[in-house]
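# Working through the structure, step by step
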Amino acid sequence: MLKKLLELTVLAMLASCGKEVMPKPSGDLRLEYPKPRYQTFNSACPFQFDYSDFAVIQDAKKPCWYNINYKGMKAKIFITYLPITSDFQTHLKEAERMVYEHTIKATAINTKSFAYPEKKVYGNFYELQGQTASNIQFYVTDSTKHFLTGNLYFNTRPKPDSLAPAIDYIKKDMLHLIDTFEWKK
């Protein structure tokens, strides 16, 4: 009897040896977005550009201000237009202030300047990395009459790793917007 009890104890000990069970770590879903098809946004305002059909453009607070809404991503690009009336430097400083107020949370701010002299389109494109409220910002100007800014915001807590696929998708759309941007004559 003692022998059987010893065998059962050894057998139970051997059966209990194994890999410790660990719960799976929580993770975010990998999201796939449709390939964009672009259409031209044309209004009574002095500019036009192409935007993705995955987004919807809505009027904002003032004339020639718009929200490019990516509903499935909980993201918006806020477009603001300001005419230049001898206040170009003021508009430029305000656009840069909007970018650099994020330096508290940003791990890096990458700036790319662009110029399309044939269309009189000039500006800067800013990528803000880290847990910033806005991930991408830009301004477009002809430096004499027109000034337009674009700011990307997500309606969620900043989580750079989780938002990275959506940011990359919208970044391509924003670069396409800039590439196709034109001032009306």
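First, a word on scope: everything that follows refers to the structure included in this document.

Attention now moves to the overall build of the protein. If you tally the helices and strands in the protein, you get three helices and 10 strands. Counting from the amino terminus, helix and strand elements in the protein follow one another as α-β-β-β-β-β-α-β-β-β-β-α-β. Looking at the protein as a whole, 38% of its 185 residues are labelled buried. Long-range contacts, defined here as pairs at least 24 residues apart, represent 48% of the contacts in the protein between residues at least 6 apart.

By size, the foremost hydrophobic cluster in this structure holds 35 residues, and its most contacted members are Phe47 and Ile170. Of all elements in the fold, only strand S2 (47–52), strand S4 (66–70), strand S5 (75–83), strand S7 (121–130), strand S8 (134–141), strand S9 (146–154) and helix H3 (160–179) reach the threshold of two or more residues within this core. Of the residues forming this core, the biggest block, eight residues, is contributed by H3. Not counting chain neighbours up to four residues away, the residues in contact with Phe47 comprise Phe41, Cys64, Tyr66, Tyr81, Leu148, Phe181, Glu182, Trp183 and Lys184.

Once that is clear, we can look at empty space enclosed by the protein. The full count for this structure, using the stated rule, is one cavity of 30 Å³ or more. One number sums up the size of the largest cavity: a volume of about 40 Å³. Lining the largest cavity are Tyr38, Asp50, Tyr51, Ser52, Ile68, Tyr70, Ile77, Asp173, Met174 and Leu177. When contributions to the lining of the largest cavity are tallied by element, the ones reaching two or more residues are S2, S4 and H3. When the residues that make up the lining of the largest cavity are grouped by side-chain class, the tally is seven nonpolar, one polar and two charged.

Let us look at the state of the cysteines. Overall, the coordinates contain one disulfide when judged by the stated rule. Each disulfide pairs two cysteine sulfurs, and for Cys45 the partner residue is Cys64, the sulfurs being separated by 2.1 Å. What sets the handedness of the Cys45 and Cys64 disulfide is the S-S torsion sign, and at about -105° it is left-handed. Pair noted here: Cys45 is in the loop between strand S1 (38–42) and S2 and Cys64 is in the loop between strand S3 (56–59) and S4, with a separation of 19 residues, a long-range link. Overall, the relative accessible area of 16% leaves Cys64 in the buried class.

Parameters at a glance
- Residues numbered from 1 in each chain as written.
- Predicted model: local features only at pLDDT ≥ 70, side-chain atom pairs only at ≥ 80, totals over all residues.
- Heavy atoms only, no water.
- Helix = DSSP H or I, 4+ residues; strand = E, 2+ residues; numbered from the N terminus.
- Buried < 20%, exposed > 50% of the residue type's maximum accessible area, 1.4 Å probe, protein only.
- Contact = heavy atoms within 4.5 Å.
- Core = buried A, V, L, I, M, F, W, Y, C linked by side-chain atoms within 4.5 Å.
- 1 Å grid on protein atoms, 1.4 Å probe; cavity = no way out; pocket = protein on both sides within 12 Å on 5 of 7 lines; lining within 4 Å.
- Points joined across faces, edges and corners; volume = space filled by probe spheres on them.
- Nonpolar A, V, L, I, M, F, W, Y, C, P; charged D, E, K, R; others polar.
- Disulfide = S-S within 2.5 Å.

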